[in-house]
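Here are the chains, one letter per residue:
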Amino acid sequence: MKTVQAIKEKGKEWHFTSEKIDLKNPLILVFGNRFSLESPTIYDELKAMFPIGNIVFGSTSGEILGENVYDESITLTAIEFEKSQYRIHSENIHDFENNSEKLGAALNDKFSKEGLKHLFIVSDGNLVNGSALIHGLEKNCPDNITITGGLCGDDARFEKTLASYNSNPKSGEIVAVGLYGDHLEITYANYGGWSAFGPIRNITKSRENVLYELDGKPALDLYKKYLGDKSNELPQAALLYPLNLRVKGSNETVVRTILNIDEKENTMILAGDVPEGSTVQLMMSTVDDIVEGASKAAMYAMRHRIKKPELALLVSCIGRKLVMNQRTEEEIEEVIEAIGSQAITAGFYSYGELSPFSNQIGCKLHNQTMTLTLISE
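Attention here is on the structure that accompanies the text. (Residues numbered from 1 in each chain as written. Predicted model: local features only at pLDDT ≥ 70, side-chain atom pairs only at ≥ 80, totals over all residues. Heavy atoms only, no water.)

**Describing the overall build of the protein chain**
Along the protein chain, the regular secondary structure elements total eight helices and 26 strands. Its C-alpha atoms give the protein chain principal-axis dimensions of about 60 × 45 × 40 Å. Among the 377 residues that make up the protein chain, the fraction classed as buried is 59%. Within the protein chain, residue pairs in contact and separated by at least 24 positions form 79% of the contacts whose partners lie at least 6 positions apart. Accessible surface computed for the protein chain: about 15300 Å², of which carbon and sulfur atoms make up 46%. With 38 positive and 52 negative side-chain charges, the protein chain shows a separation of 3 Å between the mean positions of the two kinds. (Helix = DSSP H or I, 4+ residues; strand = E, 2+ residues; numbered from the N terminus. Buried < 20%, exposed > 50% of the residue type's maximum accessible area, 1.4 Å probe, protein only. Contact = heavy atoms within 4.5 Å. Areas by Shrake-Rupley, 256 points an atom, 1.4 Å probe, with all protein chains shown as cover. Lys, Arg positive; Asp, Glu negative; His and termini not counted. Charge placed at Lys NZ, Arg CZ, Asp CG, Glu CD.)

So, in structure tokens, the structure goes:
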């Protein structure tokens, strides 16, 4: 595997952080600030730099390159697989009547399953129901094919997210990168570091990812009551107090971030499904707990590896970044310490993370986690 990395910070030209070498048919992952990616010339600019590469764009709530976290920048990581292959397909949610599950199934059907080991997803994070997207992707998908990735971000604005494949970034786009070959070793893990507190509430009315009632009372009213004065800062304030979701009949819990609120309907819109009959509980965290969570995620991802990873794709949640503030890079440093400095590190802060639990195959939508995908040939 050969890689090249570069960054374009606000008001500056592209700067290569590694040696600029010629790559054969590279996969180019471009993560950047939404406003920067809205430039009408961005695709042509990248194509001029890598005329024979395939470019995947995703907007972010912060860019990860090496051990650093950037804002208002564009980062690129170009990857040449020397013993493996990749294929890329994309779809747009607007072509599926906003049905995320149907889109996921259609996207999955585009891939030949022979030799396919992994799908890495870069998805719109504002219009897509992440858990429904996963359900669609896993339909008719062999159990040995794993899925990781993330929902694109827009800092803490929640206005619009962008993604694309070999075109200017656009709203509603979902891109899947299929990785093929027997030489690939891919491991993954995620961990949060958030703690539940307060009473456990029953979801008495919901529809997919829209939460109407908790214990028979309007969910938004109840949530605002807990937030107090911070309720005036919704939906951004909700990133600091996500919900711990336990689906009825399951011992597993996942974290759900509130992406938006609907004052007229008195509802909350979450990043993934919140089924009726499930329970939720408020969560909070500290900087030290988040850093420790990132370290645990890295240790879990390394636990059964045969080779040292050559490439580490990190997807962490915007909520973690808001809590950590000036200390955000500490969680990246903890990951690098655990996986080794030989791994090229790239990624972004997201509105949702896609990954199986470290000891499982089936993918889940997570929020407020550090999610790693470690790759070597």
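**Details of the sheet that holds strand E1 (residues 2-9)**
Ordered by their spatial adjacency, six strands build an open sheet running E2-E1-E7-E3-E4-E11, and the pairing between neighbours is mixed. Looking at which strands have only one partner, the edges of the open sheet turn out to be strand E2 (15-16) and strand E11 (163-165). Here strand E3 (residues 27-32) runs beside strand E4 (residues 54-59); their pairing, made up of six bridges, is parallel. If you follow glycine 32 over to E4, its bridge partner there is serine 59. Strands E1, E2, E3, E4 and strand E7 (73-80) of the sheet are contacted by helix H2 (residues 42-49), whose axis makes an angle of about 140° with E4. (Pairing = 2+ DSSP bridges. Axes fitted to C-alpha atoms, helices over the stretch in contact; angles between N-to-C directions.)

**Points about the state of the cysteines**
For the structure on display, the rule yields zero disulfides. Looking at cysteine 152, it has no disulfide partner, and the nearest cysteine sulfur is the one in cysteine 317, 13 Å off. Here cysteine 363 stays free of any disulfide, with the sulfur of cysteine 141 as its closest cysteine sulfur at 10 Å. (Disulfide = S-S within 2.5 Å.)

**Remarks on the environment of threonine 148**
Relative to the helices and strands, threonine 148 is located in strand E10 (residues 146-151). Relative accessible area serves as the criterion here: at 0%, threonine 148 is assigned to the buried category. With 28 residues separating them along the chain, threonine 148 and phenylalanine 120 place their C-alpha atoms 5.1 Å apart. Of note is the side chain of threonine 148, whose polar atom sits 2.8 Å from the side chain of threonine 373. (Polar contact = N/O pair within 3.5 Å; in protein donor to acceptor, adjacent residues only side chain to side chain.)

**With respect to the pairing of strand E21 (residues 279-284)**
Counting buried positions over the six residues of E21 gives five, a clear majority of the element. Pairing geometry for strand E14 (residues 195-207) and E21, over five bridges, is antiparallel. Its bridge partner lying in E21, asparagine 202 is registered against threonine 279. Where strand E17 (residues 243-246) lies against E21, four bridges are found, and the strand directions are antiparallel.

**Here we look at the side chain of serine 90**
Looking at where serine 90 falls in the secondary structure, it is placed in strand E8 (residues 85-92). Side chain to side chain, serine 90 and glutamate 173 meet in a polar contact 3.4 Å long. Other than its neighbours up to four places away in sequence, serine 90 contacts Leu107, Lys110, Tyr165, Glu173, Ile174 and Val175.

**A closer look at the sheet that holds strand E5 (residues 63-65)**
Read across the sheet, six strands follow the order E6-E5-E23-E22-E26-E13 without closing on themselves; strand pairing throughout is mixed. With partners counted over all chains shown, the strands left at the sheet margins are strand E6 (68-70) and strand E13 (185-191), one partner each. On average, each strand axis in the sheet is tilted by 15° relative to the strand beside it, whichever way the strands run. Bridge count for strand E22 (residues 311-317) against strand E23 (residues 344-350) is seven bridges, and the pairing is parallel.

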